[in-house]
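Fold and geometry: a report
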2 protein chains.
Amino acid sequence: MMVLVTYDVATSDRVGQRRLQKVAKTCQNFGQRVQNSVFECDVSMEQFVRLKGELTDLIEPSTDSLRFYFLGNNWKHRVEHIGAKPVTPIDDPLIL
Amino acid sequence: MMVLVTYDVATSDRVGQRRLQKVAKTCQNFGQRVQNSVFECDVSMEQFVRLKGELTDLIEPSTDSLRFYFLGNNWKHRVEHIGAKPVTPIDDPLIL
């Protein structure tokens, strides 16, 4: 299933900046970055539970936030991109 | 229909910072901010076309990007929030 992960991390101090890097790195392990703090993660329910657990442990809940949007199966027809860094959907053939 | 708007705007210069403010302000006219650069906009098709047009005119396509996710009708059961600033869905009664 495709889950869109969006997050805000307070980066006013060094600790927050490191948190931001770890959150991004964790999302990278499960999916594809489509914007600075937006990832598309095509995961099983088990993988999603693990991703959510890891992210929840990383953030500071009083200042940071995570949002998960379950886009369903037909998601590719539900997203439109305008501007820089258009994204190649994960399971489209990468023609080299 | 509920449209999730996410954006990245390059803010390395003053012009970019102003662009970012205008993009946010435009999204504010059509929906609710749920994270720094994430808005939920419950709009008609006609309103969406206007929103998209205004945002497309504002961004610098070589450095900025816009993503629109069409969440469909059953969207409230498709989103999960963890951490700071939980969001009151737009049409939930605001009990004062």
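Keep in mind it's a predicted model, so treat the numbers as computed, not measured. (Residues numbered from 1 in each chain as written. Chains lettered and ligands numbered in written order. Predicted model: local features only at pLDDT ≥ 70, side-chain atom pairs only at ≥ 80, totals over all residues. Heavy atoms only, no water.)

Spanning 14 residues, helix H2 (residues 45-58) of chain B covers 20 Å between terminal C-alpha atoms, matching the ideal 20 Å at 1.5 Å per step. Along H2(B), the residues that are buried comprise Phe48(B), Leu51(B) and Leu55(B). Seen from one end, H2(B) has its buried residues packed into an arc of 65°, which puts them on one side. Exposed and facing more than 90 degrees away from the buried side of H2(B) are Glu46(B), Val49(B) and Asp57(B). In this fold, the buried residues of H2(B) make contact with strand E5 (79-83) of chain A together with strand E1 (2-8), helix H1 (14-30), strand E3 (38-42) and strand E4 (65-70) of chain B. (Helix = DSSP H or I, 4+ residues; strand = E, 2+ residues; numbered from the N terminus. Expected span 1.5 Å × (residues − 1). Buried < 20%, exposed > 50% of the residue type's maximum accessible area, 1.4 Å probe, protein only. Arc of directions from axis to C-beta. Contact = heavy atoms within 4.5 Å.)

In this section: the layout of surface pockets. Gaps between atoms show up when a probe of the same size as a water molecule is rolled over them. Roughly 460 Å³ of internal volume is contained in the largest pocket. The wall of the largest pocket is formed by 21 residues, among which Asn36(A), Ser37(A), Asp8(B), Asn36(B) and Ser37(B) lie closest to the centre. Of all the elements in the fold, those that place two or more residues in the lining of the largest pocket are strand E1 (2-8) of chain A together with E1 of chain B. Residues belonging to the lining of the largest pocket are distributed by class as follows: eight nonpolar, eight polar and five charged. (1 Å grid on protein atoms, 1.4 Å probe; cavity = no way out; pocket = protein on both sides within 12 Å on 5 of 7 lines; lining within 4 Å. Points joined across faces, edges and corners; volume = space filled by probe spheres on them. Nonpolar A, V, L, I, M, F, W, Y, C, P; charged D, E, K, R; others polar.)

If you rotate chain A by 180° and push it 0.0 Å along the axis, it lands on chain B with an RMSD of 0.0 Å. The transformation relating the two chain copies, once decomposed into turn and shift, fits a two-fold axis. Ranked by how close their C-alpha atoms come to the rotation axis, the residues of chain A are headed by Leu71(A), at 3.4 Å. When the interface residues of chain A are mapped onto chain B, 100% of them are again interface residues, pointing to one common binding face. (Least-squares fit on C-alpha atoms with pLDDT ≥ 70 in both.)

Residue and element names in this part refer to chain A. Tallying each qualifying case throughout the model produces six aromatic pairs over all chains. Aromatic pair Tyr7 and Phe39: ring centres 6.3 Å apart, planes at 25°, arrangement stacked. With a gap of 32 residues between them, Tyr7 in strand E1 and Phe39 in strand E3 (residues 38-42) connect regions that are remote in the sequence. Exposure remark for Tyr7: the relative accessible area of 2% places this residue in the buried category. Judged by its relative accessible area of 0%, Phe39 is buried. Geometrically, the ring pair formed by Phe48 and Phe68 is edge-to-face, given 5.2 Å between the ring centres and 90° between the ring planes. Here Phe68 lies in strand E4 (residues 65-70) and Phe48 lies in helix H2 (residues 45-58), a separation of 20 residues in the sequence. We classify Phe48 as buried; its relative accessible area is 4%. Every member of this aromatic cluster is reached through a ring pair, and the members are Phe48, Phe68 and Phe70. (Phe/Tyr/Trp six-rings, centres within 6.5 Å; stacked < 30°, edge-to-face > 60°.)

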